[in-house]
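Close look at the chain arrangement
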Amino acid sequence: MNRPSAAKPLIGRVALVTGGGRGLGRAHSRELARLGASVVVADTGVALDGTAPDATVATSTVDEICADGGRAVADHADVRTFAGAQAAVTSAVECFGRLDIVVNNAGTLHGAPLEALTEADLRAELDIHAVATVAVLQAAFPVMRAQRYGRVLNTISEASLHRHMADSIAYSTAKAAVWGATMAAAAAGEPDGITVNALSPGAYTRMSKRFIDVQGIPAGLDLSPERVAEVAAGLCTEAAGGINGRVLHTAGGHIREFRLGRLDDTDLVEWLRRYVDRHVAGAPND
């Protein structure tokens, strides 16, 4: 492996980016390549609802990377299945000899309120967000364990953390599952030098367009996918070895961390204590 430099810290590394052909995935693929990584752009090129695959989506991003002097190949495996995830990982190893970085970015959006949600919509969102993430992790971990090195970045969403997307319950449910997968995989990979973190991106893409158009973009805020990719790439470097099991949000150059914790002094805790004291602890014995 060639020696990395300050300008090219990912020289000699190999990255797999799912959904890597457009939007955030394209930005991730191009930024990792700019920093020296060889990149497998894994993308079936489907529409936002998961239909109409288009092989040119991945190949066009590969062409851009190669035109800039980078190294990249396209892969069209369907990572919603364990077999497809294994095929994408195998593509990286066969083309470049190793796999150091995985960015689980592939996604679709089936937006529907609870009453209108179909079972097919829910399963489709779980497949591309939760199942695909776990499937790629399972396929990539043996390679990374053998190298005793790996960087994994999973994509989550604030939709799973806040109450502002009532009409996208399937998407929110699937993205919440990715948080759990991140925590479990972070613990599993740590002994072998594998870090697993999650990133909630704020960017103007085909998936977020209808929501951002309603809210509007504050003046001067750059919501380009490239700003997210700059942050994401940092978590994929060797220098990020001490960062594991963390969940970040970034938008327009701003970076914040999500933390989940148990608290014993909230208004809900106090209410429940009073309820138990009145209705349970003080109740007469049967």
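Numbers given for residues are sequential positions, taken from 1 along each chain in its written order. The predicted origin of the model limits local features to residues at a pLDDT of at least 70 and limits the giving and counting of side-chain atom pairs to 80 or more, whereas totals for whole chains, interfaces and linings rest on all residues. Heavy atoms from the whole structure form the basis of all side-chain values; hydrogens and water molecules are not counted.

**Focus on the pattern of salt bridges**
Note the following rule: Salt bridge criterion: a side-chain nitrogen from Lys or Arg within 4 Å of a carboxyl oxygen from Asp or Glu. What counts as a helix is a DSSP run of H or I of at least four residues, what counts as a strand is a run of E of at least two, and both are numbered from the N terminus. Burial classes: relative accessible area under 20% of the type maximum marks a residue as buried, over 50% as exposed, and values in between as partly exposed (1.4 Å probe, protein chains only).
The full count for this structure, using the stated rule, is 16 salt bridges. Between Arg30 and Asp68 there is a salt bridge whose closest N-O contact spans 2.4 Å. Of this pair, Arg30 sits in helix α1 (residues 23-34) while Asp68 is found in the loop between α2 (56-67) and β3 (71-75), placing the two residues 38 residues apart along the sequence. Taking relative accessible area as the criterion, Arg30 reaches 27% and is therefore assigned partly exposed. On the basis of relative accessibility, which here comes to 57%, the residue Asp68 falls in the exposed class. Between Arg34 and Glu31 there is a salt bridge whose closest N-O contact spans 2.8 Å.

**Considerations on helix α4 (residues 119-147)**
Keep this limit in mind: To estimate how far a helix should extend, the number of its residues minus one is multiplied by 1.5 Å. Two axes define the bend at a residue: one fitted to the seven residues ending there, one fitted to the seven starting there, and the bend is the angle between them.
End to end, α4 covers 40 Å across 29 residues, agreeing with the expected 42 Å (1.5 Å per residue, within 8%). Along its length, α4 shows its largest kink, about 40°, at Asp127.

**Let's talk about the packing of helix α3 (residues 82-96) against α4**
Put simply, the rule reads: Think of each axis as a best-fit line through the C-alpha atoms, taken over the contacting stretch in the case of a helix, with angles from 0 to 180 degrees between the N-to-C directions. The cut-offs work like this: below 35 degrees is roughly parallel, past 145 is roughly antiparallel, 65 to 115 is roughly perpendicular, and the gaps in between are oblique. Crossing chirality is assigned from the near helix's rotation relative to the far helix, an anticlockwise turn below a right angle marking it left-handed and a clockwise turn marking it right-handed. Any two residues whose heavy atoms approach within 4.5 Å are treated as being in contact. Put simply, Ala, Val, Leu, Ile, Met, Phe, Trp, Tyr, Cys and Pro go in the nonpolar bin, Asp, Glu, Lys and Arg in the charged bin, and everything else, Gly too, in the polar bin.
α4 packs onto α3 with a crossing angle of 40° between their chain directions and a minimal axis gap of 8 Å. Accordingly, the angle class assigned to the pair α3 and α4 is oblique. In this structure, the crossing between α3 and α4 has a hand that is right-handed. Contacts from Phe82, Ala85, Gln86, Val89 and Val93 in α3 reach Val131, Ala135, Val136, Gln138, Ala139, Ala140 and Val143 in α4. Residues belonging to the contact of α3 with α4 are distributed by class as follows: 10 nonpolar, 2 polar and no charged.

**Details of the packing of aromatic side chains**
Inclusion rule: For Phe, Tyr and Trp, rings pair up if their centres lie within 6.5 Å, where Trp contributes its six-membered ring, and each pair is then called stacked (planes under 30 degrees apart), edge-to-face (over 60) or tilted (otherwise). Placement of a positive charge over a ring is assigned whenever Lys NZ or Arg CZ falls within 6 Å of the ring centre and within 35 degrees of the normal to the ring plane.
Taken as a whole, this structure holds 1 aromatic pair when the rule is applied. Pairing Trp271 with Tyr275 gives two aromatic rings, centres 5.8 Å apart and planes at 10°, and the pair type is stacked. Residue Trp271 and its partner Tyr275 are located together in helix α8 (residues 267-281), separated by 4 residues, close to a single helical turn. The residue whose ring lies beneath Arg13 is Tyr149, and the NZ or CZ to ring-centre distance is 3.8 Å.

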